[in-house]
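Observations on the model geometry
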Amino acid sequence: MRALLRSSAAMGLVAVLALSGCGFSGEGESPQAADLDQRIVVDNFRAPVADWALESDAAYILSLSGCLETLTRYDEAAGKIVPSLATGWEQVSDLEWDFTLRDGVKFQDGTALTADTVVNSLRTVLEAEVPARAFNPTVVSGVEAIDERTVRITTPTESPLVPYRLASVNTGVLAPAAFEGETVDPFGHCTGPFTPVSEKPKQSLTLDRNEDYWGGQVQLAGAEVRFITDGATRATQVQTGEADVSLSIPVSSLSALEADENVKVLKADSPRTATLYMNNGKAPFDDVEFRQALRAALDLNTLAGSVYEGAALPASGPFAPSEPWAIEGAQTPQQDVEAARQLLAAAGYTAGRPLEIIAIVERAEFADVATVIQENLKAVDVPVKIRTAEYAAVEPDLLSGDYDMVLSQRNRLIDIADPIGFLTADYTCDGGYNLSHFCDEDYDKLIAQAARTADTQERYRLYAEAGKILQDQAVNIWLVNEQAIDAVRANLGSHVQDPLARYVLRAETTKSGS
Amino acid sequence: MMLFLARRTATLGVSVLLASFLVFLIPYVTPGDPARKIIRSRVSGEVVDEATVQALTLQLGIGDPLWTQYLRWLGRFGSGDMGLSYTSRTPVVEQVLPALWITLSMVVATLGAAALVSVLLGTAAALQEGRLADKAITTVTQAFIAIPEYWLAPVLVLIFALKLSVLPSAGWAGPASAVLPVTVLALRPISHFTSAVREGVLDALSAEHVVAARSRGLGRRKTVLKHVLPNGLLPLTTLAAVWFAGLLGGSVIVEVIFAIPGMGRLLYDAVLNSDIPLAQGGVVVVVGLAVVLTTAADLVHRLLNPRMRAHHA
């Protein structure tokens, strides 16, 4: 079905990102109270690796810095995709979407935003040697200017998710001058509220207010985004006041920050669930009752409270309960040793060789998680041994199905703010990242149907239905839903936490002078 | 002397070749596909498109036989080209030089501070040999060896940045930001330097010319300054050169904790991301500098040491 999708396109999207509890917005502060001379410091957890190439993760830094803007964007408060550099969009044929550009927008170098400039920027991303997850030739076949204000996106197959792709930070738009050199130059070539003015490589990016921002008066004079990989250092800097915002706070620093009255700790469900992947293609995991038995044997509440020190919540399935596609009525599975024993008996399981859990070393806590699971399974006479390994070392075995269990976590929204990519890659029979080696015809039909469904609510219902299949068949054991934890100084105003750290510096961000 | 220099030049060449080859091998002897690691360093996430892996492998030539790849790099390096970083696609030299400058600044400050403290402590300990001051200095400085950087750094940050608010907790922006990392890095050199200075001063104190000077009525202070210290500090030159070389690429922990974009972090990230040209370029620079510095230190040692001068003559 062709759908006319204007700015009300994706209702209910990612409600988890939009919860008012995600952050604090400085309610009560009047705009008049803002001190327009203030600058702030943001501690980010990564530095740009691939220079400023838009297809790389560097785009996240330009986006959170308030430099890079996209045609559409996520409105966390409304929980939906809203206009940004495009004021509207429309599916004009099975494979074509037209985006109408906002009038009067200029890049920071004074160049006008036109369809040609947008096409030039998007094609650079599309033609990158390591393409972006959200915008690459497998999902987008062409970009062209229809007229001065209209950009047409063509897809190889019908997709209702094109507006979502155009909200990915990798599709941010830069002026043509940004692409004239051998590497991308974002300095003065964005459209956002802040203009990057200088960079200390691998250290920081300094930005000044964009005086001609199309979105209105920018409240801060400028900002510095620092690249600090050590979590404890980020936590210290927000306590000392050296930073006003510190992203991704480690659990070990939480108590100190929560006790500091000058700091506010912000928590939100992240789209990441720590998961015990089971190789459904290999005995004894090919028996659904065996998998259900393992699930019944685990104490997820204790796991969340001990290893994660309460910074993660016990999972109720493949989705976090606050996500709009969550399975209705899903509850955290409770430990039931007796039920586990009965299921093991029904599966005909007798303890033999120890089953192996691979704990990926890149996530330090997984070694402890594996130990807790080992103890839980010991109680139902399922012997388990633990192996720690680098992800890269075990990836070939995981993909080829030569393993028992592995602890891992995935970001469900890593490409776009819709879980279709995750549900397809991880659980369909032909999925490119189907570590579970799970294959179910009904599930595949649901996902294929969802991929064609333009109606957002209906698509979410299909996701939930697919998720229920995964949960009923205990394809994996979803352990805990992780939380995004940021910390900000108490005198920061109008700040809204984004669990995916795409938007931090905004035109309305303020800092009081005290 | 010429023979010495020729030998050291040969050592430099062999060391650089050996180090660059060993670094080159790292991505291939450690588990995982180098192309996938490179892709993940640019676009994070678990799912990697197989077609992209194939294309990148072909484009970078990382599927070619190892010796072909190494000789290709060697040919470029011989003509002064360190190549492009696999991950950032920018010239390696543009990443190595800023990181090297930062690390050099940090290492010079560290060794300068360590030498100053050690000369004072080591000389004092030697002049007070066997007494309480000697024992206290020796015990405390030896204890420095046992203090791990990953423990000391947060403790100093807690005290001086968080509690006292007198120093920045991280970053590399001016002398104040250098105080804590330099302090952390200086402790171990202080321990070794102090011990070396103490031994050197003790040796010098018992030398015939010093005893003769004292017997001729030269004051203790003048004897120490004129005859003892110049000889007593000789071991420091070689030791400092060795530490210099070690700190050039070996201060990763301090660089991570204090968010300093120096050579240690550059090399660590390069190896982690299978960025072979960047790792090779960085290691070649570090090893080259290390060999040059130790050679220079040996030369200085020979020039200052009367016995070695006599031996050469």
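These figures come from a predicted structure and were not determined experimentally.

Looking only at helices and strands, one finds 15 helices and zero strands in chain B. Per-residue burial for chain B yields a buried fraction of 39% across its 313 residues. Within chain B, counting contacts between residues at least 6 apart in sequence, those at least 24 apart form 71% of the total.

Turning next to the overall build of chain A. Per the secondary structure count, chain A includes 14 helices and 19 strands. For 514 residues, the compact-globule formula gives about 24 Å, and the C-alpha radius of gyration of chain A, at 24 Å, lands near that figure. Taken along its principal axes, the extent of the C-alpha atoms in chain A is 75 × 55 × 40 Å. Put simply, chain A has 514 residues, and 56% of those count as buried.

All names here are of chain A. Split into domains, chain A comes out as domain 1 (1-10 + 48-190) and domain 2 (269-482). For domain 1 versus domain 2, the separation of C-alpha centres amounts to 34 Å. With 13 residues of domain 1 in contact, the opposing surface of domain 2 contributes 10 residues.

In the numbering adopted here, UniProt assigns the feature "domain: Solute-binding protein family" (unreviewed entry) to residues 80-433 of chain A. Counted over residues 80-433 of chain A, helix gives 25% and strand 25%. Its end C-alpha atoms are 28 Å apart.

On to the UniProt feature "transmembrane region" (unreviewed entry) in chain B, then. The UniProt entry lists residues 12-30, 99-122, 143-164, 170-188, 232-258 and 278-300 of chain B under the feature "transmembrane region" (unreviewed entry), expressed in the numbering used here. This span, residues 232-258 of chain B, is 85% helix and 0% strand, and a straight line between its end C-alpha atoms measures 35 Å.

All names here are of chain B. Its domain assignment divides chain B into domain 1 (13-78) and domain 2 (94-311). A separation of 35 Å is found between the C-alpha centroids of domain 1 and domain 2. Taken together, the contacts link 13 residues of domain 1 with 12 residues of domain 2. At the level of elements, helix H1 (2-29) and helix H2 (34-42) are the ones that each hand at least two residues to the side of domain 1 that touches domain 2.

Further remarks concern the interface of chain B and chain A. If you look at the interface, chain B gives 34 residues, while chain A gives 34 residues. Elements that contribute at least two residues to the side of chain B that touches chain A include exactly H2, helix H3 (50-60), helix H7 (149-163) and helix H12 (252-257) of chain B. Take the side of chain B that touches chain A: its biggest share by element is five residues, from H2 of chain B. Taken together, the residues that form the side of chain B that touches chain A break down as 18 nonpolar, 11 polar and five charged.

When the UniProt feature table is mapped onto this chain, "domain: ABC transmembrane type-1" (unreviewed entry) is found at residues 100-295 of chain B. The distance from the first to the last C-alpha atom of residues 100-295 of chain B is 20 Å, and the span holds 82% helix and 0% strand.

Within the secondary structure layout, Asp-51 of chain A lies in the loop between strand E1 (39-44) and helix H2 (58-64). Residues Asp-51 of chain A and Pro-201 of chain A, spaced 150 residues apart in sequence, show a C-alpha to C-alpha distance of 9.2 Å. If sequence neighbours within four positions are ignored, Asp-51 of chain A has contacts with Ala-58, Thr-183 and Val-184 of chain A together with Ser-88, Arg-89 and Thr-90 of chain B.

This next bit is on the nonpolar core. Of all hydrophobic cores here, the largest spans 231 residues; its most connected members are Leu-407, Leu-479 and Val-480 of chain A. Examining the composition of this core, we find that 13 residues originate from one element, helix H5 (residues 92-127) of chain B, more than from any other. Discounting chain neighbours no more than four positions away, the residues touching Val-480 of chain A are Ala-274, Leu-300, Leu-303, Ala-304, Tyr-308, Ala-312, Leu-313, Pro-314 and Ala-315 of chain A.

Attention shifts here to the sheet that holds strand E6 (residues 142-147) of chain A. Residue and element names in this part refer to chain A. Strand order in the open sheet formed by four strands is E4-E5-E7-E6, with antiparallel pairing between adjacent strands. Strands at the two margins of the open sheet, each flanked by one partner only, are strand E4 (86-93) and E6. With direction set aside, neighbouring strand axes in the sheet form an average angle of 25 degrees. For E6 and strand E7 (residues 150-154), the ladder comprises five bridges, and the chain directions are antiparallel. Across the sheet, Val-143 pairs through a bridge with Ile-153, a residue of E7. Taken strand by strand, helix H3 (residues 115-126) contacts strand E5 (96-101), E6 and E7, and its axis lies near 175 degrees from that of E6.

For an α-helix, the turn length of 3.6 residues means that residues three or four places apart are oriented alike. The end-to-end C-alpha separation of helix H8 (residues 175-205) of chain B is 38 Å, well short of the 45 Å expected for 31 residues at 1.5 Å each. Along H8 of chain B, the helix axis deviates most sharply at Ala-186 of chain B, where the bend reaches about 35 degrees; the proline Pro-189 of chain B sits within four residues downstream.

This next bit is on the environment of Ala-86 of chain A. All names here are of chain A. Looking at the element boundaries, Ala-86 is found in strand E4. Separated by 155 residues in the primary sequence, Ala-86 and Gly-241 place their C-alpha atoms 38 Å from one another. When residues no more than four places from it in sequence are discounted, the contact partners of Ala-86 are Leu-71, Thr-72, Phe-99, Thr-100, Leu-101 and Arg-102.

When two helices pack together, you describe them by how their axes are tilted relative to each other and by the distance separating the axes. All names here are of chain B. It is the contact of helix H9 (residues 208-215) with helix H10 (residues 220-232), at a shortest axis distance of 10 Å, that shows an interaxial angle of 160 degrees. Relative to H10, the element H9 is oriented roughly antiparallel. Once H9 is placed against H10, the crossing between them reads as right-handed. Two secondary-structure elements touch here, H9 through His-209, Val-210, Ala-213 and Arg-214 and H10 through Thr-223, His-227 and Val-228. Classifying every residue of the contact of H9 with H10 by side-chain character gives three nonpolar, three polar and one charged.

Take the packing of helix H6 (residues 132-144) of chain B against H8 of chain B next. All names here are of chain B. The interhelical angle for the contact between H6 and H8, taken along N-to-C directions, is 140 degrees, at an axis separation of 7 Å. Put simply, H6 runs oblique to H8. You can see that H6 and H8 cross each other, and the crossing is left-handed. Along its contact with H6, which presents Ile-137, Thr-141, Gln-142 and Phe-144, the element H8 presents Leu-187, Arg-188, Ile-190, Ser-191 and Thr-194. Residue composition of the contact of H6 with H8, by class: four nonpolar, four polar and one charged.

On to the environment of Leu-407 of chain A, then. Relative to the helices and strands, Leu-407 of chain A is located in strand E16 (residues 405-411). The spatial distance from the C-alpha of Leu-407 of chain A to the C-alpha of Val-369 of chain A is 8.4 Å, given a sequence separation of 38 residues.

This part is about unusual backbone geometry. Residues and elements named next belong to chain A. In this structure, the amide linkage connecting Ala-283 to the following residue, Pro-284, adopts the cis form with an omega of 0 degrees. Mapped onto the elements of the fold, Pro-284 is located in the loop between strand E12 (263-278) and helix H7 (288-297). Of note, His-437 is a non-glycine position whose phi angle comes to about 55 degrees, a positive value. Turning to its location among the elements, His-437 is positioned in the loop between helix H12 (420-427) and helix H13 (441-452). A residue is classified by how many C-beta atoms lie within 10 Å of it, and His-437, with 21 of them, is buried. One non-glycine residue with positive phi stands out, namely Ala-501, at about 55 degrees. Tracing the backbone through its elements, the reader meets Ala-501 in the loop between strand E18 (492-493) and strand E19 (510-511). Ala-501 sits in the buried class, given 21 other C-beta atoms within 10 Å.

Thresholds, definitions, all that
- Residues numbered from 1 in each chain as written.
- Chains lettered and ligands numbered in written order.
- Predicted model: local features only at pLDDT ≥ 70, side-chain atom pairs only at ≥ 80, totals over all residues.
- Helix = DSSP H or I, 4+ residues; strand = E, 2+ residues; numbered from the N terminus.
- Buried ≥ 20, exposed ≤ 12 C-beta atoms within 10 Å, placed from the backbone.
- Contact = placed C-beta atoms within 7 Å.
- Rg over C-alpha atoms; globule rule 2.2 N^0.38 Å.
- Domains from an automatic or database assignment.
- UniProt positions renumbered as here; feature names shortened; annotations may be inferred.
- Nonpolar A, V, L, I, M, F, W, Y, C, P; charged D, E, K, R; others polar.
- Core = buried A, V, L, I, M, F, W, Y, C linked by C-beta atoms within 7 Å.
- Pairing = 2+ DSSP bridges.
- Axes fitted to C-alpha atoms, helices over the stretch in contact; angles between N-to-C directions.
- Expected span 1.5 Å × (residues − 1).
- Bend = angle between axes of the 7 residues up to and from the residue.
- Parallel < 35°, antiparallel > 145°, perpendicular 65-115°, else oblique.
- Left-handed = near helix turned anticlockwise from the far one by under 90°.

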